Amino acid sequence: MNHIGEIILTNDISNEVQERAAPLNPSDVRIYEENEIQIKHIHEIIAEAHIASQNTKTIIIAAHSFRHEAQNALLKILEEPPENIKFLLITRNKTAFLPTIRSRLLLNDLRTKDPIKPFCLDINKLTLQDIYNFIRELAQNSEDNRIYGRNLVASVLHSVAQSNIHLDEEELMMFDTALLELENYRKKELVCLPLLLMLYYKTHPKSNKQTSAPKHYTRKP
């Protein structure tokens, strides 16, 4: 299969965009950098790709996330690309892309492994007030829901292990469900709340006698 570009995984998206664009002639590069690539951006990209160019034109598409409908539209031009076009897709995680997109482009993983940061709250001493304050602050946080949320879930789970708190199969499944919800664009504060409440009731057995701990949650349509 002929590849017409590559997917670049990096810890710093903006910096990678600058490094990739710097050695290129400004007239031969187009940059589309967004927090999330949507279908409207792909329409612009497709139009740009069909503008004839004698030199190779590099189209850099960089974002934390890519909407599925946008990827499906992009796939069409990846399957039948115009001449003299090269695509660079830059993001942090390969799961940002559908398998059909990944199969069309080379994968270049430049990431350095970030250590899991300790969770900011003491899991063994959680209070309902702590959880309320944390969730309220999290709702005001503008970081990407999926990336920041995944790191947060990993941080909570790491703190659970460090605290020697045993989770049963159903409780562990809540963390898998949380990651899935984040991939489906659920807000990170709504994903983290059930996890923290579950841990609160697990570490406060007396409270558990008065109120049942939440075991799972379902996503509202």
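Residues numbered from 1 in each chain as written. Predicted model: local features only at pLDDT ≥ 70, side-chain atom pairs only at ≥ 80, totals over all residues. Heavy atoms only, no water.

**What to know about the sheet that holds strand E4 (residues 57–62)**
In space, the 5 strands of this open sheet follow the order E2-E4-E6-E1-E7, with parallel pairing throughout. The sheet is open, and its two borders are formed by strand E2 (29–33) and strand E7 (106–109), each paired with just one other strand. Ignoring which end each strand starts from, the neighbouring axes of this sheet average 15 degrees apart. Sheet topology places E2 next to E4; 5 bridges connect them, and they run parallel. Looking at the pairing, Arg30 lines up with Ile59 of E4. Against the sheet, helix H2 (residues 39–49) engages E2, E4 and strand E6 (85–91), with an angle of about 170 degrees to E4. (Pairing = 2+ DSSP bridges. Helix = DSSP H or I, 4+ residues; strand = E, 2+ residues; numbered from the N terminus. Axes fitted to C-alpha atoms, helices over the stretch in contact; angles between N-to-C directions. Contact = heavy atoms within 4.5 Å.)

**A closer look at the pairing of strand E1 (residues 5–9)**
Strand residues, when the strand is regular, have side chains that alternate between the two faces of the sheet. Of all 5 residues in E1, 5 are buried; the element is thus mostly enclosed. Side chains of E1 alternate between two faces, with Gly5, Ile7 and Leu9 and Glu6 and Ile8 buried alike. Sheet analysis places E1 next to E7, joined by 4 bridges and oriented parallel. What sits directly across from Leu9, in E7, is Asp109. (Buried < 20%, exposed > 50% of the residue type's maximum accessible area, 1.4 Å probe, protein only.)

**Quick word on the environment of His166**
Examined against the element boundaries, His166 turns out to sit in the loop between helix H6 (145–162) and helix H7 (169–183). When the C-alpha atoms of His166 and Asn55 are compared, they prove to be 60 Å apart, with 111 residues separating the residues in sequence.

**Overview of unusual backbone geometry**
The phi dihedral of Asn164 is positive, around 60 degrees, even though this residue is not glycine. Tracing the chain through its elements places Asn164 in the loop between H6 and H7. Of note, Tyr185 is a non-glycine position whose phi angle comes to about 70 degrees, a positive value. With respect to the element layout, Tyr185 can be found in the loop between H7 and helix H8 (188–203).

**Considering the side chain of Lys57**
Here Lys57 is to be found in strand E4. Polar contacts involving the side chain of Lys57 include one to the main-chain carbonyl oxygen of Ile51, which spans 3.0 Å. Residue contacts for Lys57: discarding those within four places in its chain leaves Asp28, Arg30, Glu48, Ile51, Asn84, Ile85 and Lys86. (Polar contact = N/O pair within 3.5 Å; in protein donor to acceptor, adjacent residues only side chain to side chain.)

**So, the pattern of salt bridges**
Scanning the model with the defined rule gives 10 salt bridges in all. Salt-bridge contacts for Asp109 lead to Arg111; the nearest nitrogen and oxygen are separated by 2.7 Å. Connected through salt bridges with shared partners, the residues Glu6, Glu16 and Arg20 form a single ionic network. (Salt bridge = Lys/Arg side-chain N within 4 Å of Asp/Glu carboxyl O.)

**Some details on the packing of aromatic side chains**
Evaluation of the coordinates by the stated rule reveals 3 aromatic pairs. A ring pair is formed by Phe66 and Phe97, whose centres lie 4.6 Å apart and whose planes are at 45 degrees; its orientation type is tilted. Taken together, the residues Phe66 in strand E5 (residues 65–66) and Phe97 in the loop between E6 and helix H4 (99–102) connect sequence positions 31 residues apart. We note that Phe66, like Phe97, is buried. Just above the ring of Tyr185 sits the side chain of Arg67; from NZ or CZ to the centre is 4.7 Å. (Phe/Tyr/Trp six-rings, centres within 6.5 Å; stacked < 30°, edge-to-face > 60°. Lys NZ or Arg CZ within 6 Å of the ring centre and 35° of its normal.)

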